[in-house]
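# Architecture and fold: a report
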Amino acid sequence: MAAGILDGKNLAYIIKEEIRAEVVAWQLRGHTPKLAVVLLGEDPASQAYVAAKQKVCREIGMACDVYFLADSGDKDSLQTDLLALIQRLNADGTVGGILVEMPLPVGINKALVLSSLDPDKDVDGMSPINRGRILSGEQGLVPATPMSCLELLVRSGVRLAGKHVVVVGRGETVGKPLVYMLLRHNPTVTICHSFTRDLGEVTRLGDVVITAVGKPGLLRGDMVKSGAVVVDAGTTPTPDGLRGDAVFDEVAEVASLISPVPGGVGALTTVLLLRNVLFGMQRRFGS
Ligand code: NAP
C-alpha cells in the first residue's frame, strides 16, 4: 500500500478535545451547551445512533436530553406533537441544538419538520435556511458528513485552491452540500452521478476524488490518477462489515492519501454534529 491514511478516528479525538475546552468556556460564561435529540417511533438503528451521540456528549461534557415520541399509527397527531415539541425546544434558551433523528416515519412531512427548526439550533444543517446559507456562502450550520470530508482534507494539509476535485454522488445529505462547501476553498469541482457516462474517465482527472454513493466496489484502482487524494464517504453495511465505495486495496496502491471505511469520514460525523451546537450558540449569544 502506497497511500497514507486520512485517519478520521484520530482527528475525531483531536476535535473532541477542542470541543471539550469550548464547552468549559461556555460553562464559565453561565451557559451549559445542550443537545436535544428527538426520536420518533422505535427504529432500532435510530436508537443505536442516539445512544452513540449520548456517549460522545458525556465524553465532551455536553448535556443531552432525549425526547421519545411513540408512533401509535396516527401520523397527524404524531406530526402535531413533533411540531409542538420543536417549537418548545426552539424557544428554550437552555437548548443549544436540536436533532430530529432521520429517517422520519412514513407519513411525516420532512420538509415541514426541517423548516420548523430554529436554523441556529439545526445541528444537522438541513433546514431550508441553512441550505440557502451553504449556497450563498453565508455562515450557518452545515451538515456533518460533508464537513467531515472537508476537515479530513484541510486538517491533513491538502490544499484545495486551484485543484480539480471530483465529487461522485449528488445526494442531499452529502454530495450536493459538499460541492458548495468545497467551492469556498477555490478548487474546480466536477460532480458525477448515476447518469455520468464513463465515471473512470472523469475521476481520473481528479487531484482529489470524494465518493458519496453507497455502492461498494464503485471506485477501482484504475479510476484514480497516481498521487490523487481519495475521500470515501460511502457506507454500506455488508455481511463482512461496513464498506465504502472505493476498493480500498486497489485505490491505496495508486493514491497518495485515502480515508478508510470504517475509521475515516464516518468516525468524525458525531463530533462535528456536536460542534454545531457550539457554532449555533456562538451565532445566538456571540462568541
Ligand atoms: P443518496 O441520496 O442515495 O445519493 C447517492 C448518489 O449517488 C446519487 O446522487 C446517485 O446519482 C449517485 N450514484 C448512484 N449510482 C452511481 C454510479 N454508478 N455512479 C455515480 N454516481 C452514482 O445518498 P446520500 O444520502 O448522499 O449518501 C451517500 C453515501 O454516503 C451512502 O453510502 C451513505 O450511507 C453515506 N453516508 C455516510 C455518512 C457517514 O457518516 N459516513 C452519513 C451520511 C451518508 P443520482 O442522483 O443520479 O441518482
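Predicted model only: the values in this text are computed from it and were never measured.

### Digging into helix 3 (residues 75-91)
The terminal C-alpha atoms of helix 3 lie 24 Å apart, and with 17 residues this matches the ideal 24 Å at 1.5 Å per residue to within 8%. Listed as buried for helix 3 are Leu78, Gln79, Leu82, Leu85, Ile86, Leu89 and Asn90. The arc enclosing the buried residues of helix 3, seen along the axis, measures out at 135 degrees, which places them on a common side. The exposed set on the far side of helix 3, more than 90 degrees from its buried face, consists of Asp76, Thr80, Gln87, Arg88 and Ala91. Those residues of helix 3 hidden inside the fold are in contact with strand 2 (34-40), strand 3 (63-69), strand 4 (97-100) and helix 4 (110-116). A side-chain oxygen of the first residue of helix 3 lies 3.2 Å from the backbone nitrogen of Asp76; this N-cap is Asp74.

### Side note on the nonpolar core
The biggest cluster of nonpolar side chains holds 50 residues, and the ones touching the most others in it are Leu35, Met62 and Ile210. Of the residues forming this core, the biggest block, eight residues, is contributed by helix 10 (residues 266-285). Excluding residues that lie within four positions of it along the chain, Leu35 makes contacts with Cys57, Met62, Ala63, Cys64, Asp65, Gly97, Ile98, Leu99, Val123, Leu273, Leu274 and Val277. Leu69, Leu78, Val100 and Leu114 belong to the second largest nonpolar core, which has 18 residues in total.

### Quick look at the site of the ligand
Around the ligand, the structure places 20 residues, and the nearest of them are Arg170, Thr173, Ser194, Gly214 and Thr235. One nitrogen or oxygen atom from the side chain of Ser194 is found 2.6 Å from an oxygen atom belonging to the ligand. Take Thr235: an N or O atom from its side chain is 2.8 Å from an oxygen atom of the ligand. Burial of the ligand by the protein chains amounts to 70% of its free accessible area of 930 Å². Across the shell around the ligand, the residue classes tally to seven nonpolar, eleven polar and two charged.

Reading the values: the criteria
Residues numbered from 1 in each chain as written. Predicted model: local features only at pLDDT ≥ 70, side-chain atom pairs only at ≥ 80, totals over all residues. Heavy atoms only, no water. Helix = DSSP H or I, 4+ residues; strand = E, 2+ residues; numbered from the N terminus. Expected span 1.5 Å × (residues − 1). Buried < 20%, exposed > 50% of the residue type's maximum accessible area, 1.4 Å probe, protein only. Arc of directions from axis to C-beta. Contact = heavy atoms within 4.5 Å. Polar contact = N/O pair within 3.5 Å; in protein donor to acceptor, adjacent residues only side chain to side chain. Core = buried A, V, L, I, M, F, W, Y, C linked by side-chain atoms within 4.5 Å. Near = heavy atom within 4 Å. Areas by Shrake-Rupley, 256 points an atom, 1.4 Å probe, with all protein chains shown as cover. Nonpolar A, V, L, I, M, F, W, Y, C, P; charged D, E, K, R; others polar.

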